[in-house]
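Listed below, chain by chain, are the residues.
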Amino acid sequence: QVQLVESGGGLVQAGGSLRLSCAANGSSFNGFTVAWFRQAPGKGREFVAAVDDGDRTYYPDSVKGRFTISRDNAKNTVYLQMNDLKPEDAAGYYCARKRPGLFSPVFSSASYNYWGQGTHVTVSS
């Protein structure tokens, strides 16, 4: 059974940094695209970052240059390094493993079929 477990969330001041981790327990990230999404109260789920099985990375403009996604296949873990955090980055952060297939977009939550329970990030101004 695929189980994704996020960790690393917390409270940070604006301008600070956090590193989130997503571990694949009982499964593997090898050969799969893995992404982070976030969801703030009252808002939809938003794409944050993805890394594919070729280590290509994808970001929306809102986090580009501030967030970095990386993967350690030996540890079955994907990381999200978040720098220069802003109050608008506050949200629940979820990692997800993408369905196999060439034509499903990495930025769409519908492309992912396994999700973690999330870790919360709070940014104080």
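Residues numbered from 1 in each chain as written. Predicted model: local features only at pLDDT ≥ 70, side-chain atom pairs only at ≥ 80, totals over all residues. Heavy atoms only, no water.

### Observations concerning the pattern of salt bridges
Move 1: Taken as a whole and assessed by the stated rule, the structure comprises six salt bridges.
Move 2: The salt bridge partner of Asp 89 is Arg 38, with a shortest N-O separation of 2.9 Å. With Asp 89 in the loop between β8 (77–82) and β9 (91–98) and Arg 38 in strand β4 (residues 34–39), the pair connects residues that are 51 residues apart, well separated along the chain.
Move 3: According to the relative accessible area criterion, Arg 38 is buried, its value standing at 5%.
Move 4: Connected through shared salt-bridge partners, Arg 38, Glu 46, Arg 66 and Asp 89 make up one network. (Salt bridge = Lys/Arg side-chain N within 4 Å of Asp/Glu carboxyl O. Helix = DSSP H or I, 4+ residues; strand = E, 2+ residues; numbered from the N terminus. Buried < 20%, exposed > 50% of the residue type's maximum accessible area, 1.4 Å probe, protein only.)

### Comments concerning the state of the cysteines
What we call a disulfide is simply a covalent bond connecting the sulfur atoms of a pair of cysteines.
Move 1: Tallied over the entire structure, the rule returns one disulfide.
Move 2: Covalent S-S linkage joins Cys 22 and Cys 95, the inter-sulfur distance amounting to 1.9 Å. Negative torsions about the S-S bond denote left-handed disulfides, and the value of about 55° found for Cys 22 with Cys 95 makes this one right-handed. With Cys 22 in strand β3 (residues 18–25) and Cys 95 in strand β9, this pair connects stretches of sequence that are 73 residues apart. As far as the burial class goes, Cys 22 and Cys 95 line up, both buried. (Disulfide = S-S within 2.5 Å.)

### Section: the packing of aromatic side chains
Move 1: Counted by the stated rule, this structure contains four aromatic pairs.
Move 2: Ring centres 5.3 Å apart and planes at 75° place the aromatic pair Phe 37 and Tyr 112 in the edge-to-face group. One end of the pair, Phe 37, is in strand β4; the other, Tyr 112, is in strand β10 (residues 112–115), and 75 residues separate them in sequence.
Move 3: Looking at Tyr 112, the relative accessible area reads 3%, which means it is buried.
Move 4: Summarising the aromatic geometry, the rings of Tyr 112 and Trp 115 are spaced 6.2 Å apart at their centres and angled 65° between planes, so their arrangement reads as edge-to-face.
Move 5: Taken together through their ring pairs, the aromatic side chains of Phe 37, Phe 47, Tyr 112 and Trp 115 make up a single cluster.
Move 6: Here Arg 45 stacks its cationic end above the ring of Tyr 94, 4.3 Å away from the centre of that ring.
Move 7: Its end group placed over the ring of Phe 32, Arg 97 keeps NZ or CZ at 3.7 Å from the ring centre. (Phe/Tyr/Trp six-rings, centres within 6.5 Å; stacked < 30°, edge-to-face > 60°. Lys NZ or Arg CZ within 6 Å of the ring centre and 35° of its normal.)

### Comments concerning the side chain of Thr 119
Move 1: Position of Thr 119 among the secondary structure elements: in strand β11 (residues 119–124).
Move 2: Within the structure, Thr 119 has its side chain in polar contact with the backbone nitrogen of Gly 9 (distance 3.0 Å).
Move 3: Among residues more than four places away in sequence, those in contact with Thr 119 are Glu 6, Ser 7, Gly 8, Gly 9, Leu 20, Ala 91, Gly 92 and Tyr 93. (Polar contact = N/O pair within 3.5 Å; in protein donor to acceptor, adjacent residues only side chain to side chain. Contact = heavy atoms within 4.5 Å.)

### Let's talk about the sheet that holds β3
Move 1: Read across the open sheet, the four strands follow the order β1-β3-β8-β7; overall the sheet is antiparallel. At either end of the open sheet lies a strand with only one pairing partner, and these are β1 (3–7) and β7 (67–72). For this sheet, the mean angle separating the axes of adjacent strands, direction not counted, is 15°.
Move 2: Across six bridges, the pairing between β7 and β8 is antiparallel. When the sheet's bridge partners are listed, Phe 67 is paired in β8 with Met 82. (Pairing = 2+ DSSP bridges. Axes fitted to C-alpha atoms, helices over the stretch in contact; angles between N-to-C directions.)

By themselves, these figures tell us nothing about what the structure is for.
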